[in-house]
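Chain residues, written in single-letter form:
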Amino acid sequence: MIDVAIPGYGRLALEHLVCDYNGTLARDGVLLDGVAAQLNALAANLTVHVVTGDTFGTALRSLQGLTCAVTLLPSEGQVQAKQAFVTKLGAAGVVAVGNGRNDRLMLEAAALGIAVIGDEGLAADAMLACDIVVRHVADAFALLEDPQRLVASLRV
Ligand SMILES: [Mg+2]
């Protein structure tokens, strides 16, 4: 659990991390350097989920052995499926991280939505639906490792 009170924003009591895969954790389907260690470290405080359309068919193999649950989605209806995944976990306890247009509703639904620009770009719709934009997923994970950074960015 990550529990942090943010002046003017509210209290975040986060239990689940829900991540997109391609463009967020991976480039061209290949897991980014450092992500495996960061995901395993975050798993000490959060239940980690990866929800993906798995465009390149590499997610299961890349994430094998990490402390995370992988959910593969069918190619149709991913926007709603990702949102429903967050809602089912209890959106008030979820931080969602993604970069794509199909992440927009899960970023909006989650108590905290972090959008990643990365190397594959950030869909404008996802940017408008999130709470914070970061350059790289490592920056998103650093925010969760040091929640005072969240306070600094989100407080009013
Ligand atoms: Mg993506």
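Residues numbered from 1 in each chain as written. Predicted model: local features only at pLDDT ≥ 70, side-chain atom pairs only at ≥ 80, totals over all residues. Heavy atoms only, no water.

Peer 1: Quick question: what am I supposed to make of the pattern of salt bridges here?
Peer 2: When charged atoms on two side chains of opposite charge get close, those side chains can pair. If you walk through the whole model with that rule in mind, you get 6 salt bridges. Residue Asp103 pairs with Lys82 through a salt bridge whose shortest N-O separation is 2.6 Å. One end of the pair, Asp103, is in the loop between β8 (94-98) and α4 (104-109); the other, Lys82, is in helix α3 (residues 78-89), with 21 residues separating them in the sequence. Classification of Lys82 by relative accessible area gives buried; the value is 1%. As a salt-bridge pair, Asp139 and Arg135 come within 3.6 Å of each other at their nearest N and O atoms. Linked by salt bridges that have partners in common, Asp20, Lys82 and Asp103 make up one network. (Salt bridge = Lys/Arg side-chain N within 4 Å of Asp/Glu carboxyl O. Helix = DSSP H or I, 4+ residues; strand = E, 2+ residues; numbered from the N terminus. Buried < 20%, exposed > 50% of the residue type's maximum accessible area, 1.4 Å probe, protein only.)

Peer 1: I keep staring at the environment of His49 and nothing clicks. Help me out?
Peer 2: Structurally, His49 can be placed in strand β6 (residues 47-52). With 19 residues separating them along the chain, His49 and Cys68 place their C-alpha atoms 5.4 Å apart. Residues in contact with His49, not counting those within four places in the same chain, are His16, Leu17, Val18, Cys19, Ala69, Phe85 and Leu89. (Contact = heavy atoms within 4.5 Å.)

Peer 1: What should I look at first to understand the coordination of the magnesium ion in this one?
Peer 2: By definition of the ideal shapes, four donors in a tetrahedron about a metal sit 109.5 degrees apart, and six donors in an octahedron sit 90 or 180 degrees apart. Around the magnesium ion, the donor atoms from the protein are Asp20 (OD), Asn22 (O) and Asn99 (OD1), and they sit 2.1 to 2.2 Å away. Counting gaps between the donor residues of the magnesium ion yields the pattern D-x1-N-x76-N. Of this pair, Asn22 sits in the loop between β3 (16-19) and β4 (26-27) while Asn99 sits in the loop between β8 and α4, and the two are 77 residues apart along the sequence. Taking relative accessible area as the criterion, Asn22 reaches 12% and is therefore assigned buried. The exposure class assigned to Asn99 is buried, which follows from its relative accessible area of 7%. (Donors = N, O, S within 2.8 Å, 3.2 Å for Na, K, Ca; no water.)

Peer 1: Looking at this model, I keep getting lost on a nonpolar patch on the surface. Mind explaining?
Peer 2: Together, Ile117, Met127, Leu128 and Val133 make up a nonpolar patch on the protein surface, roughly 360 Å² of accessible area in all. Mapped onto the secondary structure, Ile117 falls in the loop between β9 (112-116) and α5 (124-129). (Patch = residues over 30% accessible without salt bridge, like charges linked within 9 Å, V, L, I, M, F, W, Y side chains within 5 Å. Areas by Shrake-Rupley, 256 points an atom, 1.4 Å probe, with all protein chains shown as cover.)

Peer 1: Explanation requested: the sheet that holds β9 in the structure shown.
Peer 2: To summarise the sheet geometry, strands pair through backbone hydrogen bonds and adopt either a parallel or an antiparallel arrangement. Here we have 6 strands laid out as an open sheet, ordered β7-β6-β3-β8-β9-β10, and parallel in their pairing. Sheet topology places β7 (69-72) and β10 (132-134) at the edges, where each strand pairs with a single neighbour. The average undirected angle you get between the axes of adjacent strands in this sheet is 20 degrees. (Pairing = 2+ DSSP bridges. Axes fitted to C-alpha atoms, helices over the stretch in contact; angles between N-to-C directions.)

Peer 1: Would you mind showing me how to read helix α7 (residues 147-154) here?
Peer 2: If you check which residues of α7 are buried, you get Leu150, Val151 and Leu154. All buried residues of α7 fall inside an arc of 100 degrees around its axis, so they share one side. Across α7 from its buried face, at more than 90 degrees, point the exposed residues Gln148 and Ala152. Packing partners of the buried residues in α7 comprise β1 (2-6), β2 (10-14), β9, β10 and α6 (137-145). (Arc of directions from axis to C-beta.)

Peer 1: Is there a simple way to explain the packing of helix α1 (residues 35-42) against α6 in this structure?
Peer 2: Two measures define how a pair of helices packs: the angle their axes make with one another and the distance between the axes. Where α1 contacts α6, the two axes come as close as 11 Å, and the packing angle between them is 20 degrees. As far as their axial angle goes, α6 and α1 are roughly parallel. When the axes of α1 and α6 are compared, the crossing they make is left-handed. Facing Val35, Gln38, Leu39 and Leu42 of α1, the residues of α6 in contact are Val137, Ala138, Phe141, Ala142, Leu144 and Glu145. (Parallel < 35°, antiparallel > 145°, perpendicular 65-115°, else oblique. Left-handed = near helix turned anticlockwise from the far one by under 90°.)

Peer 1: Explain the layout of surface pockets here, please?
Peer 2: Once rolled over the atoms, a probe with the size of a water molecule shows which space is left empty. Computed from the structure, the largest pocket encloses a volume of approximately 190 Å³. Lining the largest pocket are 15 residues, with Asp20, Asn22, Thr55, Gln78 and Asn102 sitting closest to its centre. For the lining of the largest pocket, the per-class residue count stands at no nonpolar, 9 polar and 6 charged. (1 Å grid on protein atoms, 1.4 Å probe; cavity = no way out; pocket = protein on both sides within 12 Å on 5 of 7 lines; lining within 4 Å. Points joined across faces, edges and corners; volume = space filled by probe spheres on them. Nonpolar A, V, L, I, M, F, W, Y, C, P; charged D, E, K, R; others polar.)

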